[in-house]
Amino acid sequence: MIGKSNLIDIVAGTNRGLLVNAAQQQAILAAIANLEDFNPTLRPLASNLLEGDWRLLYTTSKALLNIDRLPFFQLGQIYQCIRVETNSVYNIAEIYGIPALEGLVSVVAKFTPLSPSRLQVKFQRSIIGLQRLIGYTTPGNFVQEIESGHFQNKLAFDFPIQSQQQQGWLDITYLDDDLRIARGNEGSVFVLSKT
């Protein structure tokens, strides 16, 4: 069996999947499948381990990886913050490029459990802005501002998402104290570590 530390080592040099070749991707997907066979949390949606701020280590999601293709900008860290009490998911991508113009792209979603490991996700809101102008410091603080209702920044593009196509499901296939693996309805895989 390939262990957790081996998977983390394998994905470390891929820049979250941006720099992966076909052979590496095949090895990573095999390592993920091996680890999923030994998932210590069989009911992840009933576990308190799900709550918290997670940093993306690796993904096959073209939607996320394509953010790095914006001219003059580079994809920074990507986070997924889960708040079980409010059934909320916050996807946050930090964008870098021109000094003092660091950006942020965030999508806010609500989730509904469909099974012990699958959740339905419905995207509700998107926020785009410059980190300095919207007062961004950490993912946790940003989420707290939104959850408390205090995020009313006029310097950000903050708009609702109302399309029925902006929903999907996510299976949590591995969950422990500091690592989560998930598979999405579009075939994407996600490996995240708790911050």
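In case you missed it, the structure is sitting above this.
Keep in mind the model is a prediction, meaning the values are calculated, not measured.

**Student:** Where do I start with the pattern of salt bridges in this structure?
**Tutor:** Any two side chains of opposite charge can pair, given that their charged atoms come close. Under the definition given, this model contains seven salt bridges. Between Lys 4 and Asp 178 there is a salt bridge; the shortest N-O distance is 2.6 Å. Of this pair, Lys 4 sits in helix α1 (residues 4-12) while Asp 178 sits in the loop between β7 (167-175) and β8 (179-184), and the two are 174 residues apart along the sequence. The partner of Glu 102 in a salt bridge is Arg 132, and the shortest N-O contact between them spans 3.5 Å. With Glu 102 in the loop between β3 (88-96) and β4 (103-113) and Arg 132 in helix α4 (residues 131-134), the pair connects residues that are 30 residues apart, well separated along the chain.

**Student:** I tried to follow the pairing of β8 on my own but got confused; where do I start?
**Tutor:** On a regular strand, one side chain projects to one face of the sheet and the next to the other, so that they alternate. Of all the six residues making up β8, five are buried; the element is thus mostly covered by neighbouring parts of the structure. If you look at the hairpin formed by β7 and β8, you'll find three residues sitting between the two strands. As defined by bridge partners, β8 adjoins strand β9 (residues 189-194) across five bridges and the pair is classed as antiparallel. When the sheet's bridge partners are listed, Ala 182 is paired in β9 with Phe 190. Count of turn residues in the β8/β9 antiparallel hairpin: four residues, of which Gly 187 carries a positive phi of about 90°.

**Student:** Is there a simple way to explain the nonpolar core in this structure?
**Tutor:** Generally speaking, nonpolar side chains in soluble globular proteins are found buried as a group. By size, the foremost hydrophobic cluster in this structure holds 21 residues, and its most contacted members are Leu 50, Leu 75, Phe 111, Leu 119, Ile 172 and Phe 190. Listing elements by their share of this core, those giving two or more residues are β1 (52-59), β2 (74-83), β3, β4, β5 (118-130), β7 and β9. Counting 14 residues, the second largest nonpolar core, distinct from the first, contains Leu 104, Ile 127, Val 143 and Ile 146.

**Student:** Just checking my understanding: could you explain the environment of Phe 159 for this structure?
**Tutor:** Structurally, Phe 159 is set in strand β6 (residues 157-160). We classify Phe 159 as partly exposed; its relative accessible area is 37%. When neighbours within four sequence positions are excluded, Phe 159 is seen to be in contact with Gln 124, Arg 125, Ser 126 and Ile 128.

**Student:** Looking at this structure, how should I read the packing of aromatic side chains?
**Tutor:** The relative placement of two aromatic rings is captured by the distance of their centres and the angle of their planes. According to the stated counting rule, one finds two aromatic pairs in the structure shown. Between Phe 142 and Phe 151 the ring centres are 5.5 Å apart and the planes differ by 75°, which places this aromatic pair in the edge-to-face class. Feature note: the residues Tyr 136, Phe 142 and Phe 151 constitute an aromatic cluster, connected by ring pairs. Looking at Arg 118, its charged tip hangs above the ring of Trp 169, at a distance of 3.6 Å from the centre. Over the aromatic face of Trp 54 sits the side chain of Arg 180, whose NZ or CZ is 4.8 Å from the ring centroid.

**Student:** Looking at this model, I keep getting lost on a nonpolar patch on the surface. Mind explaining?
**Tutor:** A cluster of nonpolar side chains, Phe 72, Phe 73, Ile 98 and Leu 101, forms an exposed patch at the surface whose accessible area comes to about 400 Å². Assignment of secondary structure puts Leu 101 in the loop between β3 and β4.

**Student:** Is there a simple way to think about the packing of α1 against helix α2 (residues 22-36) in this case?
**Tutor:** Two quantities define a packed helix pair, namely the angle between the helix axes and the distance between the axes. It is at 10 Å that the axes of α1 and α2 come closest, and there the two elements cross at 160°. One element, α1, and the other, α2, form an angle in the roughly antiparallel class. In terms of crossing hand, the pair formed by α1 and α2 is left-handed. Contacts between α1 and α2 involve Lys 4, Leu 7, Ile 10 and Val 11 from the first element and Ile 28, Ala 31, Ile 32 and Leu 35 from the second.

Cut-off values and rules
- Every chain is numbered independently, its residues counted from 1 as its sequence is written.
- The model is predicted, so local features are restricted to residues of pLDDT at least 70 and side-chain atom pairs to those at 80 or more, both for listing and for counting; the totals for chains, interfaces and linings are taken over all residues.
- With hydrogens and water set aside, each side-chain value is computed from the structure's full complement of heavy atoms.
- Salt bridges, as used here, are contacts in which a Lys or Arg side-chain nitrogen is within 4 Å of a carboxyl oxygen on Asp or Glu.
- A helix here means a DSSP run of H or I that spans at least four residues, while a strand means a run of E at least two residues long, and both kinds are numbered starting from the N terminus.
- Each residue's exposure class comes from its accessible area (1.4 Å probe, protein chains only) as a fraction of the maximum for that residue type: buried when under 20%, exposed when over 50%, partly exposed otherwise.
- For two strands to count as paired, DSSP must find a minimum of two bridges between them.
- Throughout, nonpolar core names a set of buried Ala, Val, Leu, Ile, Met, Phe, Trp, Tyr and Cys residues whose side chains join them through atoms within 4.5 Å.
- Should any heavy atoms of two residues lie within 4.5 Å, those residues are counted as being in contact.
- Here a Phe, Tyr or Trp ring, Trp counted by its six-membered ring, pairs with any other such ring whose centre lies within 6.5 Å, and the pair is stacked when the planes are under 30 degrees apart, edge-to-face when over 60, and tilted otherwise.
- Only Lys NZ and Arg CZ are tested; either one counts as a charge over a ring when it is within 6 Å of the ring centre and within 35 degrees of the ring normal.
- Patch rule: a residue counts if its relative accessible area is over 30% and it has no salt bridge; like charges are joined within 9 Å, and nonpolar side chains (Val, Leu, Ile, Met, Phe, Trp, Tyr) within 5 Å.
- Areas reported as accessible are Shrake-Rupley estimates using a 1.4 Å probe. Residue values count occlusion only from the protein chains shown.
- Note on method: axes are straight lines fitted to C-alpha atoms, helices fitted across the in-contact stretch only, with angles between N-to-C directions ranging 0 to 180 degrees.
- Each angle receives one of four descriptions, namely roughly parallel if under 35 degrees, roughly antiparallel if over 145, roughly perpendicular if within 65 to 115, and oblique otherwise.
- In a left-handed crossing the near helix is turned counterclockwise from the far helix by less than a right angle, and in a right-handed crossing that turn is clockwise.

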